[in-house]
Each structure stands twice: as structure tokens, then as C-alpha cells.
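# Coordinate inspection notes
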Number of protein chains: 2
Amino acid sequence: MKLLEQRIAREGKILPGNIVKVDGFLNHRVDTVLLREMARDFKAHFGGKAIDLIMTCEASGIAIATVAAEEFGVPMLFVKKAKSSNLGGDVFTSEIQSYTYGKTVTLTCSKNWLHEGDRVLIIDDFMARGEAMRGVIDIIAQAKAELVGIGIAIEKGFQGGGDKLRASGVDCYSLAIIEEAGESGICFRE
Amino acid sequence: MKLLEQRIAREGKILPGNIVKVDGFLNHRVDTVLLREMARDFKAHFGGKAIDLIMTCEASGIAIATVAAEEFGVPMLFVKKAKSSNLGGDVFTSEIQSYTYGKTVTLTCSKNWLHEGDRVLIIDDFMARGEAMRGVIDIIAQAKAELVGIGIAIEKGFQGGGDKLRASGVDCYSLAIIEEAGESGICFRE
């Protein structure tokens, strides 16, 4: 998606550890005009498939997943990262390694809202090694729901998570794939 | 807002500790059709005021704040609760007590995206004692930005946070105010 690539090239900052900082429009301050365009692009790619539910991972995936869910006309379910006293006992859980926060995180999802046969599209703002995706996919499998595809705003191609999913047969569609992020700038996959 | 009150009455569950669980449509699985109606109601109340930015608190406020920001045509900025390696050093912080998670939480907001004179509307999904609001208001004051008002989806009136804010002169507008939640059901403020 050219619009997103241009925005990343113009405003994205590269931090040590190959972190691409886009907190001015995607994951701290959020540009809702851009979000709507991104959601429409996801709809153009996945719109031909039957989808019952959009899932994402708290926290920064919630904004784009909400707008995408409205675009698809389905509910959005976000997997929780912290243990909340509000969820109750009957939950699916999956452990992932968070590189951003430098610790193991337990993803949690109530069994009330994810059921056998549900056709699920995962939408998230970022993918690097694909750890969060692995956790959400694990939860979808536990529920015997069906993973229809994965839509990512920004994939860090050089960290391999997206290509591993594609190799396993998942329809993983990213709006922008960063191949290189270094001193010389940001290069996108063609 | 009748539509929201009806939904709470029909689907909300009361847990020990006066917790009203609405995770089927607001803060775990999210009904985006309802969210859009709620955002329009906020627009009807606050639409006459000049607003530059909508702020909320991660995580569950992000969904309604995103849709509201789109309705107002302004960016949405969400204050972070966990220390992320992505934010960098130049931040506003404020400590709050989280009753949901039973611990002290440091709210964090980059100085890059909140400036002196910004007219800010806070939107959040829930208010009880108003602790999260206190933190966000503190951050707005640190930035010398201007608090235009606060829009809340569900206020737990019996916990006093909203009334305290109104008494201090804040335009605090809640779509549903729960006065009582107990064995006999849920009562709303007229």
C-alpha cells in the first residue's frame, strides 16, 4: 500500500535493535484517516472470503482491528495480555515471548466469544518474528475455530515471521513489508 | 443513551466487587455497530466545541476512542500503561492505582504528540473511581494542553468518579450511568 509506505518513509524512525518507530500515526498517536484506508485495503484483499470475526492482540492492534471489523461488518475480539480480574475462569491461554517488553506474556481469551467453526481473520499493526500471531493462532486452534487469514499493517520482512506463516500455507497479507531498516533508511519489499 | 442501557441490562453480568462485565460487546469482544452509535452520541454532545485531539488509556478505551476520533475528524492518542522500549525517553508520566489489575500503574505519553494549547477530549470505555482519568488529566496539565471534556461509555455512578469531576467543573458526559449493580439487577441514573 503506497500511502502507508510513503508515511513510514517520511515519518518512521529507526531505533537500535531494528525497531521501526511509527508512534506518530499507528501505535501511540493514531491517524484514523489512514486507518480507514488501511481497513479498505484489507477488505479488498480478504473481502471475497466468509469471515465471522476479526481478532487482534491488545493493545496497539485494537485501533486498526476495530476499523477493519467495521469495514467487514463483524465483531472484533481482542486477546488480552495482562491478567484482568474481569475475564473470569473459562479462558483459552497461550504463552508468547514479547520482544518489545522483554518478557513472557500470557495471551488470554474468554471461551464465551470464540467458538468451533468461527471463521477468523487476524488483524494486527505489526509483525516481526510472528510471536503474537503464533499465540493468537494457537488460541484459534484450541477453540477449533478456522483461521481465514492474517492482515498486518507493517511487517518487518527481515525478521521472518510473515514468510514462515506464508510457507505454512497461511494467507498472510501485509500492507507494507520492510526489508531493511538501517542507517541508510528504510527499504520496502516490491 | 437508551441503546447502550438496554444492551447492558440484557447482556451485562455483575461480578463480586461491583464489577459490571460487558465483555461481549465493549471491552473484549467489541460490537462496532454499537461503537459507531456511541461515537455519534459523543459528537452530538461535544460537537460544538473545538477539539484537536482525542485521548484515551490503553487498552480497552482504544476501540471507542478510535471510532470517536474518526467521527470528530481528529487523531487519537492513547496513553500507555506498560513500559515499552519503543517510546523513548521524552515522556509525560503519571501514576495511578488500577483496581482491575490490583496494582500501581505508570501512565506514559510521548511529549512529541501532546502540546501546549491542544484542546483535548478524553474518551474511555469505563469510569469507576476516576483513577485513570486523574492520570490522563494530570498528563494533559503537564503538557499545558486544555481539557475540553470527558466522554465515558459506562460510568459506575455509585463509585463517585464522574460526580467528583463534574463538581470540579469538568464537562463529563457518560452514555450510561449505573447507579446500582447488585443481586436485584442494574439500575441506571435518569
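Before reading further, recall that the structure is shown in the block above.
The following refers to the structure shown. (Residues numbered from 1 in each chain as written. Chains lettered and ligands numbered in written order. Predicted model: local features only at pLDDT ≥ 70, side-chain atom pairs only at ≥ 80, totals over all residues.)

### A short note on the pairing of strand E5 (residues 76-79) of chain A
Here E5(A) shows two buried faces, one formed by A:Met76 and A:Phe78 and the other by A:Leu77 and A:Val79. The sheet contact formed by strand E4 (residues 53-57) of chain A and E5(A) spans four bridges and is parallel. Considered in E5(A), the bridge of A:Thr56 is made with A:Phe78. One crossover worth recording links E4(A) to the parallel E5(A) by way of helix H3 (residues 61-72) of chain A, and it is right-handed. Across two bridges, the pairing between E5(A) and strand E3 (residues 29-30) of chain B is antiparallel. If you follow A:Met76 over to E3(B), its bridge partner there is B:Val30. (Buried ≥ 20, exposed ≤ 12 C-beta atoms within 10 Å, placed from the backbone. Helix = DSSP H or I, 4+ residues; strand = E, 2+ residues; numbered from the N terminus. Pairing = 2+ DSSP bridges. Right-handed = clockwise from strand over helix to strand, strands pointing away.)

### Re the sheet that holds strand E11 (residues 185-188) of chain B
Ordered in space as E3(A)-E5(B)-E4(B)-E8(B)-E9(B)-E10(B)-E11(B), the seven strands form an open sheet in which the pairing is mixed. One side of each edge strand has no neighbouring strand; the edge strands of this open sheet are strand E3 (29-30) of chain A together with E11 of chain B. Together, strand E9 (146-156), strand E10 (172-182) and E11 of chain B form the strand contacts of helix H1 (residues 2-11) of chain B, whose direction differs from that of E10(B) by roughly 25°. Here helix H4 (residues 131-142) of chain B sits on the sheet in contact with strand E4 (53-57), strand E5 (76-79), strand E8 (119-127) and E9 of chain B, set at roughly 165° to E8(B). (Contact = placed C-beta atoms within 7 Å. Axes fitted to C-alpha atoms, helices over the stretch in contact; angles between N-to-C directions.)

### What about unusual backbone geometry?
Residue and element names in this part refer to chain A. Looking along the chain, the bond that leaves Glu58 and enters Ala59 is cis, with omega of 5°. Take Ala59: it is sitting in the loop between E4 and H3. Here the phi dihedral of Lys144 falls at roughly 60°; this positive angle occurs in a residue that is not glycine. Here Lys144 shows up in the loop between helix H4 (131-142) and strand E9 (146-156). When the 11 C-beta atoms within 10 Å are taken as the criterion, Lys144 is described as exposed.

### A look at the packing of H3(A) against helix H3 (residues 61-72) of chain B
Contact pair H3(A) / H3(B): the axes reach a minimum separation of 8 Å and the direction vectors enclose 55°. Between H3(A) and H3(B), the angle is such that the two are oblique. Handedness of the H3(A)/H3(B) crossing: right-handed. For the pair H3(A) and H3(B), contact is made by A:Ile62, A:Ala63, A:Thr66 and A:Val67 and by B:Ile62, B:Ala63, B:Thr66 and B:Val67, respectively. Along the lines of polarity and charge, the residues of the contact of H3(A) with H3(B) split into six nonpolar, two polar and no charged. (Parallel < 35°, antiparallel > 145°, perpendicular 65-115°, else oblique. Left-handed = near helix turned anticlockwise from the far one by under 90°. Nonpolar A, V, L, I, M, F, W, Y, C, P; charged D, E, K, R; others polar.)

### Observations concerning the nonpolar core
A:Ile54, A:Val136, B:Ile54 and B:Val136 are the most contacted members of the largest nonpolar core, which totals 120 residues. Among residues more than four places away in sequence, those in contact with A:Ile54 are A:Ala65, A:Ala68, A:Ala69, A:Phe72, A:Val74, A:Met76, A:Leu121 and A:Ile123. (Core = buried A, V, L, I, M, F, W, Y, C linked by C-beta atoms within 7 Å.)

### Digging into the pairing of E8(B)
Two faces belong to every sheet, and in a regular strand the side chains alternate between them. Residues and elements named next belong to chain B. Within E8, eight of the nine residues are buried, which leaves the element mostly enclosed by the surrounding structure. Relative to E8, E4 runs parallel, the two being bridged by three bridges. Bridge pairing in E8 places Met55 opposite Ile122. Across eight bridges, E8 lies against E9 in parallel orientation. Bridge assignment links Val120 to a residue of E9, and that residue is Leu147. Handedness of the crossover joining E8 and E9 through H4 is recorded here as right-handed.

### Looking at the relation of the copies chain A and chain B
The two chain copies are related to each other by a rotation about an axis together with a translation along it. With an axial shift of 0.0 Å and an RMSD of 0.0 Å, the rotation relating chain A to chain B amounts to 180°. The transformation relating the two chain copies, once decomposed into turn and shift, fits a two-fold axis. When the interface residues of chain A are mapped onto chain B, 100% of them are again interface residues, pointing to one common binding face. (Least-squares fit on C-alpha atoms with pLDDT ≥ 70 in both.)

### Overview of the interface of chain A and chain B
Contact with chain A, which involves 32 residues of that partner, is made by 32 residues of chain B. For the side of chain A that touches chain B, the secondary structure elements donating two or more residues are strand E2 (19-21), E3, helix H2 (32-46), H3 and E5 of chain A. The element that contributes the greatest number of residues to the side of chain A that touches chain B is H3(A), accounting for six residues. Of the residues in the side of chain A that touches chain B, the class split is 15 nonpolar, 10 polar and seven charged.

### Considerations on the packing of H2(A) against H3(A)
Residues and elements named next belong to chain A. One way to put it is that H2 packs onto H3 with a least axis distance of 9 Å and a crossing angle of 55°. Relative to H3, the element H2 is oriented oblique. Crossing of H2 over H3 shows right-handed handedness. Contacts between H2 and H3 pair Leu35, Arg36, Met38, Ala39, Arg40, Phe42 and Lys43 from the former with Ala63, Ile64, Val67, Ala68, Glu71 and Phe72 from the latter.

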